[in-house]
Structures are given as C-alpha cells and as structure tokens.
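# An overview of the molecular structure
One-letter residues, chain by chain:
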Amino acid sequence: MAKKARKDRGTLSSGQVVSYALGDVANNLTFLMTSMFLMVYMTDIAGLSAGVAGTIYGVTKIWAGVADLIAGQTVDRFDTRWGRLRPWLLFGSTPLAIVFVLLFSVPAGLSPTLTVAWIFLLDALFQLAYSFVNIPYGSLSAAMTQDSVDRSKLSGARSIASALTGVLLSAVVAPQFNDTSGDNVRLQFTLTTAALGVLAVVLYLICFKNSKEVVPRSATKISFKRTLTMIRHNRPLIVLCLAAFFLLAAIFTMNAVGLYYARYVLGNAGYFTFLALAQTVGTVLIASLVPGITTRYGKRNGYIGASMVIILAFVLVYFVPEGNLAIGILAWFLMGIGSGGTNALMFSMQADTVDYGEWKTRLRAEGGSYSILSFIRKCGQGIGGWAAAALIGAFGYVGQAETQTDSAIEGIRLATGVLPAGLAVLAMIIMFWYNLDGDEHRRIVRDLNSRRSAGAVSTSYGVDTDRVKIPALGDSRDLLLRPRDRGTLPVVTIFEREGAGASDIGPAVAKELGVKWVDQAFSSDQVAEVDTRALFSDSAFQRWLRTLSYTGTQDADLARARDVAEDHSLAERNRLDLLTLARDGAVIRGRNGAYVLGRAVGSLHVRLTAPMEMRIERVMHKTGLERHAAESRIAVEDRVRAEMSKNLYQWDPHTDESYDLVINTGTVTYKQVVEMIVAYYRSKYPETDPAAASQPTADDPTDASPS
C-alpha cells in the first residue's frame, strides 16, 4: 500500500535518489578524468608538447558542445520497452568505457603524428559517446517524476556525487603523476582507466535498473529557428552567455593545468587531492547559502560577489609560496566558493532569461536557450584549456623532464593564477550589463501569468485573446472566465497553513455559494490514510540536498533545461485545469489558485491561518497522530507546498498581498469564517447569480464570445 501511494504521488524513495546519483559518479569517472588529467597525460606520458596538447584539448571540448546538440536532438526520438532514455545508459555505457580506456592507452613507440591522431580521434569519439550517455542521463530526472521537489533532490544528489567523485578520483590518479618516467607507466594508466571504466559501467547499470520513466514524453522540443528569433531580443541571455564563456574559460584553465601546479609549485602531485577536497567543501558550503544571498542581494549582485571571490582565489594561487600546501588549500577553498556560487546563480539566471525571452518575443525556448548556453560554456572550457597549455608551453614547459626551469614554473603560476583571474574579471565586468533584476523578473512573471491565462481562456472559447480581457476593475480583475452575457459565477480560492480548517470551511462556502468544491491535488488527509510515514520523509538532509541543485556540476545545462521545461509544462497543465474548474464557478483549495486566477473577474482569494498550537491540536484530532507526528506533518506540508509554488510559478503562497482576505481561524468558529467569506464575496460581487451555476457552458464558439 505504501509503495502504491508513493507511485501515485510521484515521490521517489531514497534508494532511487541514490541510484540516480550513482549515474553521475559514473559520468564523472570519465568526464573529470579527461578534464583534469588528460592534458598532463598528453604532455608527460604520451610525450606531446604543451601547445599541441592544448590544441587537442580545446578543439575536442568545442566539439563536445556540438556533440551535446547532436545527442539532444537524437536521444528522445526512440521508444523501447525500457523507455526512451534508460536504454542509452544500458547500451551506451560499454562503448563509452571502451573509448575512454583506449584514449588513455597510447601505445609506446608511435610517431608524434600518429600519437596526435590517436589522442585526437579517440578524444573526439569519447566526447560524442559521453554526450549520448550524459544527455539522456540528465533528462532522466524529469522522466522519473513530475514532482519538482523530487527533481531538486535528484539534481542535488547529482551535484554531491559530482563533487565527491572529483575528490576520490584525484586521490587515486593524481599521485600516479609524481613519477611519469617509469617503464610501466603507460600500462599503469591503461589498467587504471580500465578499472574506472568497468566501475562506471556497473554504476550506469545500477542507475538503469532502479530508475523508471513514469512521466510521458515532453512536448518541448528544441527549435533552433525559434531559439534564434528569441535570442536576438534577449539581452540578458546574451550577456549571461558571454559571461559564462569567460568564467568557464577561467575555471577550465585551472582544471586543465592544476595538476602541474600541485606537482611543480607545491612539490607533490598527490597534494592535488587536498586541493580538490578544499574546493569541494567550498562549493558545498556556498550552495547552502545561495538562496539567502539571492534573497538579500539579488542574483546579479550575488554572481558578481562570487566572481570577486574566485578572482581573489586565482590571485592567491599565483602568490602561494613554493611548497606551502596550507595556503594552497585556502586558495582552492575560495575557488570552490566562487565557482560554486557563480555556477548556481548562472543556472538560476538562465531560467529567468527563458521567461524574459517568452515575455519579449512570445516564444518560449527552454531547450534552445540552454543549448546555446551549453555550447558557449563548452567553448569556454576548450579555450581555457588551450590558453593554459599554450602559456606553459611558451614559458618552456617540457613534458617528461625530471625538473622544470624557473621560467616554466613561472608559466605554471601564470596559467593557474593570473590568466584565469583575468578571464574571471572579464566575466564579472560583463555581468554589470545584465539588466534582469529580481523586481523586473517578478513583474515579467506576473505579466506572463496574465497572458497565459488569457490565452488559455481564448483558446478554450475559440476567440481572440483581447475578447477575454476587459479594462481592469477596481480590484485589478480583468480576465473573463466566461462570456459576459452568461453572468459572473462565484470563484473562491483558499490557501491554508496546514490545520487552519480549509477542508471543513471550503465545502461549506461552496454549498452557500451554490458552486462545486474542488480539493487540493494531493490531500494531506488522503496521504495520511495510506501511510503517514510518507509525510515525514522531508528531512533536514533532503532539504539541504535540494539547495545543492546543479551547483557542483559543470555539464548539466540540458538536464536543467528539461527540469525547467517540465516545471513549465506542469504549471500550464495546472492552469488549464483551474480555468476549466472555475469556468462554471467553484471553491478551490490550493492548486496555486490565488496566483493563476488572481486577475479573474468574480474571483475572491482567501488565506487561512491559525496559531501553531491550535493547528497541531486540529491535525491530531483529525488524523489520530501523536503530537510530534502532527507537528512534523504541519512543517512538511507548509514547507513543501510553498516550495513547489516557488518552483512552478516563482510565487510564495504565504505572501498576504496575494489575497483579498486573510483570516485567523483560531479566534472564530468555522461557521463564522464561512459566513465572513460568503458575506464578503456577495458584497464584493453583488451581481453574482448563484442559480446560474447549474447552466451548462455552450461549446459553440460563435455563441461563447466573452465580449
């Protein structure tokens, strides 16, 4: 019974969340291996010059952006008995692992030309194979659940998996670069990557087995024509892409040559593990603080502040005294704060630019705009790695040499400190032109909400949008839910803090007004009747997990696009349901009714609250729960429902200004509350005819004009 309830509600078990995260462990065993160690492998084991190695790194990273676009257009087109996305994990993981092992298995004795060809071709194949596994993996979270809170858990778990994998991988691989002159070093890397490849396949299979595609295929497709039309008028997106290019160039400058720094400046390649751990701690720490930073300072200012931190980190990297691990750890910790903060805010701002693009051009293109950002970021990664390698090569770095000259070590310092600091400064300066602040975005979202509701009504009646709008009344209502010649029917929305009495008050109000009662989509009482433990799964850890959403990942742009598109799709389906329910009058509990129907003519929006102690007693009486369980239930219900509203509509349902009436049900009886609401409604809308509620709505568009 409990499993059935979980399936019906779309919530995921902890095992499913962990299994999904293991898929990103598998991703990063290969992705981070190439990002952090391929450059050093090319110069110090395969024997290529730093300039040639950097060119390969740069070209294949840019190709990776193209490969992502190819995969994004392809993977969703096939349907099998395992689903649309999971088969790519099943059948794509083994070819990916094989190409990965071959990439780090350059045979000894090859000529320089053949060595370049071997690495270049296999790296290009690796990037393509990786895209055909990573893109469906990232999209899988939106196919596993429609619950935006659960999807946040999945992306948060993915971020933690990505960060921890980087630390563990560096602990295994970095020390192997202390001595790259041994006879068996090539075989050692072949065996290491073979073990990593086998482990990755096993983890992909675990993810495949425990992940289920339960959400129907999304209607959202990438249209580059729509995207180009939208992006021409989307200044915030253009600015964000330019800033992302230079920021990712800065970060991957460090990724590509950071191991050289640990080996030759700090004195031990194994120290790279401590640096990676410090960076991970900084990333996780800032992720927990980003929501508060956004609320207090705004996204752009938060991004600029995080950019300042990462610039400081890069400058500190340059000045770290030779062999001083402690200061190096501090620098990498600050780097984690800066990169984690900018990455989290970048994804958040990207979602805002999708809304801006729709508002400006009436074209919504989540997939296209995120694809553009993804490609720009991959270009930045490639340019950053190429520039770093070119710089250390120009200062005389010689691969496979036992020692490096002072000039070469200075080149390493410049490539890991001054160069990325300069790129990060450019990224920060560009962000001053980002003109979409929080107030402006909220205004845009409100306008879009009005447009979408008007568009949905006009589509329902088959008339022009301007015929379902009237000049705003004194209460700012201007959206007609039905033709004016059919009169106005009562529409009341009720949102409550759990235990405030809506389940008793709402039906009574509906009866008095002569309209139907519509309960919230997922009733707490219904859930509690099945398995009350399901309400207590929202632990502090899981809430923290949701704050980490996509913070620690560098290659999840298209996965984030799917999440944003799915949230929008859910919100629009809910909008259509609400407008249909309200057309013939209704009292509606929850469902974000006060927001969606906020401008509907004849609507009244009510929020119910009560003292916590009284709400606890009511929940205990209604459900039979013990006090602690009832208190937990209230906390979960209030928090999660508000969180879903923010995810779907960027709206806080606990904002009093969204309602016509806010009533404390702890100081009056339920009967008095019902009388207050009904009397207020009839006073506000005296022309309302309750008897008209029984009249059917005609389907003839020519007779249904609201004008």
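About the thresholds
- Residues numbered from 1 in each chain as written.
- Predicted model: local features only at pLDDT ≥ 70, side-chain atom pairs only at ≥ 80, totals over all residues.
- Heavy atoms only, no water.
- Helix = DSSP H or I, 4+ residues; strand = E, 2+ residues; numbered from the N terminus.
- Buried < 20%, exposed > 50% of the residue type's maximum accessible area, 1.4 Å probe, protein only.
- Contact = heavy atoms within 4.5 Å.
- Areas by Shrake-Rupley, 256 points an atom, 1.4 Å probe, with all protein chains shown as cover.
- pLDDT = per-residue confidence, 0-100.
- Expected span 1.5 Å × (residues − 1).
- Polar contact = N/O pair within 3.5 Å; in protein donor to acceptor, adjacent residues only side chain to side chain.
- Salt bridge = Lys/Arg side-chain N within 4 Å of Asp/Glu carboxyl O.
- Axes fitted to C-alpha atoms, helices over the stretch in contact; angles between N-to-C directions.
- Parallel < 35°, antiparallel > 145°, perpendicular 65-115°, else oblique.
- Left-handed = near helix turned anticlockwise from the far one by under 90°.
- Nonpolar A, V, L, I, M, F, W, Y, C, P; charged D, E, K, R; others polar.
- Patch = residues over 30% accessible without salt bridge, like charges linked within 9 Å, V, L, I, M, F, W, Y side chains within 5 Å.
- Phe/Tyr/Trp six-rings, centres within 6.5 Å; stacked < 30°, edge-to-face > 60°.
- Lys NZ or Arg CZ within 6 Å of the ring centre and 35° of its normal.
- Pairing = 2+ DSSP bridges.
- Bend = angle between axes of the 7 residues up to and from the residue.

### Points about the overall build of the protein chain
Broken down by element type, the protein chain carries 23 helices and five strands. Counting over 707 residues, the protein chain shows a buried share of 58%. Within the protein chain, contacts between residues separated by at least 24 positions form 82% of all contacts whose residues are at least 6 apart in sequence. Accessible area of the protein chain: about 27600 Å², with a carbon and sulfur share of 61%.

### Examining the confidence of the model for the protein chain
For the protein chain, per-residue confidence averages 83 on the pLDDT scale, and 86% of positions sit at 70 or higher. Confidence over residues 1-10 falls short of pLDDT 50; this stretch has 13 contacts with residues more than four positions distant or in other chains. Note that residues 523-537 has pLDDT below 50 and, in this model, 27 contacts with residues that lie over four places away or in other chains.

### Here we look at helix 12 (residues 325-361)
Taking 1.5 Å as the rise per residue, helix 12 with 37 residues should run 54 Å; its terminal C-alpha atoms sit 52 Å apart, in good agreement. Among the 37 residues of helix 12, 29 are classified as buried, and the element is accordingly described as predominantly covered. Its side-chain oxygen at 3.3 Å from the backbone nitrogen of Ala-326, Asn-324 defines the N-terminal cap of helix 12. Phi for Arg-362, located one or two positions after helix 12, is positive at around 65 degrees.

### A closer look at the pattern of salt bridges
Counting across every chain of the model gives 18 salt bridges. Among the salt bridges present, the one from Asp-68 reaches Lys-378, with a minimum N-O distance of 2.6 Å. Separated by 310 residues along the polypeptide, Asp-68 in helix 3 (residues 50-74) and Lys-378 in helix 13 (residues 366-394) bring together distant segments of the chain. By relative accessible area, which is 4% here, Asp-68 ends up buried. Relative accessible area serves as the criterion here: at 5%, Lys-378 is assigned to the buried category. When the shortest N-O distance is used, the salt bridge between Lys-622 and Asp-504 registers 3.9 Å. Residue Lys-622 is located in helix 21 (residues 612-623), and its partner Asp-504 is located in helix 16 (residues 502-513); the two are separated by 118 residues in the primary sequence.

### Observations regarding the packing of helix 9 (residues 235-264) against helix 11 (residues 299-319)
Put simply, helix 9 and helix 11 touch, their axes get as near as 12 Å, and they point 30 degrees apart. Classified by the interaxial angle, the pair formed by helix 9 and helix 11 is roughly parallel. Taken as a pair, helix 9 and helix 11 cross one another with a handedness that is left-handed. In this structure, helix 9 contributes Ala-243, Leu-247, Ala-250, Ile-251, Met-254 and Tyr-261 to the contact, and helix 11 contributes Tyr-303, Ile-310, Phe-314 and Val-317. Considering only residue class, the contact of helix 9 with helix 11 consists of ten nonpolar, no polar and no charged.

### Brief notes about unusual backbone geometry
A positive phi angle is found at Arg-591, which is not glycine, with a value near 60 degrees. Within the fold, Arg-591 resides in the loop between strand 3 (586-589) and helix 20 (593-596). On the accessibility criterion, Arg-591 (24% relative accessible area) is partly exposed. Positioned with a positive phi, Asn-592 is a non-glycine residue whose angle comes to about 60 degrees. Along the polypeptide, Asn-592 turns up in the loop between strand 3 and helix 20. We classify Asn-592 as buried; its relative accessible area is 13%.

### Section: the side chain of Thr-361
Looking at the secondary structure, you find Thr-361 in helix 12. Engagement of the side chain of Thr-361 in a polar contact is seen with the backbone oxygen of Gly-357, the distance being 2.6 Å. Excluding residues that lie within four positions of it along the chain, Thr-361 makes contacts with Thr-229, Met-230 and His-233.

### What to know about a nonpolar patch on the surface
Nonpolar side chains collect at one region of the surface, where Val-59, Phe-120 and Leu-121 lie side by side and expose about 250 Å² of accessible area between them. Residue placement: Phe-120 occurs in helix 5 (residues 112-144).

### Overview of the packing of helix 9 against helix 12
Two elements in contact, helix 9 and helix 12, have axes separated by 10 Å at closest approach and are oriented at 155 degrees. Relative to helix 12, the element helix 9 lies roughly antiparallel. Regarding helix 9 and helix 12, the two cross each other, and that crossing is left-handed. Here Arg-235, Pro-236, Leu-237, Leu-240, Ala-244, Leu-247, Leu-248, Ile-251, Met-254 and Tyr-261 of helix 9 come into contact with helix 12, specifically with Trp-332, Met-335, Ser-339, Thr-342, Met-346, Met-349, Gln-350, Thr-353 and Tyr-356. Residues of the contact of helix 9 with helix 12, tallied by class, amount to 14 nonpolar, four polar and one charged.

### Considering the side chain of His-441
With respect to the element layout, His-441 can be found in helix 15 (residues 438-461). We classify His-441 as buried; its relative accessible area is 7%. At a separation of 3.0 Å, a polar atom in the side chain of His-441 contacts the side chain of Asp-355. For His-441, the residues in contact, after removing those within four places along its chain, are Asp-352, Asp-355, Leu-436 and Gln-650.

### Overview of the packing of aromatic side chains
One pass over the structure, following the stated rule, counts 23 aromatic pairs. When the centroid spacing of 6.0 Å and the interplanar angle of 20 degrees are considered together, the rings of Phe-37 and Phe-177 count as stacked. In this pair, Phe-37 sits in helix 2 (residues 14-44) while Phe-177 sits in the loop between helix 6 (148-173) and helix 7 (185-210), placing the two residues 140 residues apart along the sequence. A relative accessible area of 0% means that Phe-177 is categorised as buried. Through a chain of ring-to-ring contacts, the aromatic side chains of Phe-31, Phe-37, Tyr-41, Phe-100, Phe-104, Phe-126, Tyr-130, Phe-177, Phe-189 and Phe-272 assemble into a single cluster. Just above the ring of Phe-208 sits the side chain of Arg-86; from NZ or CZ to the centre is 4.2 Å.

### Topic: the sheet that holds strand 4 (residues 603-609)
Spatially, the five strands line up as an open sheet ordered 2-3-1-4-5, and their pairing is parallel. The open sheet has two edge strands, strand 2 (516-518) and strand 5 (661-664), and neither has a second partner. The mean angle between the axes of side-by-side strands here comes to 20 degrees, regardless of whether they run parallel or antiparallel. Sheet topology places strand 1 (residues 491-496) next to strand 3; four bridges connect them, and they run parallel.

### So, helix 9
With 30 residues, helix 9 extends 43 Å from end C-alpha to end C-alpha; this agrees with the ideal 44 Å at 1.5 Å per step. Considering bend angle alone, the principal kink of helix 9 is centred on Val-257 and spans about 55 degrees. Most of helix 9 is tucked away: 25 of the 30 residues are buried. Taking the backbone nitrogen of Leu-237 as reference, a side-chain oxygen 3.1 Å away marks Asn-234 as the first, capping residue of helix 9.

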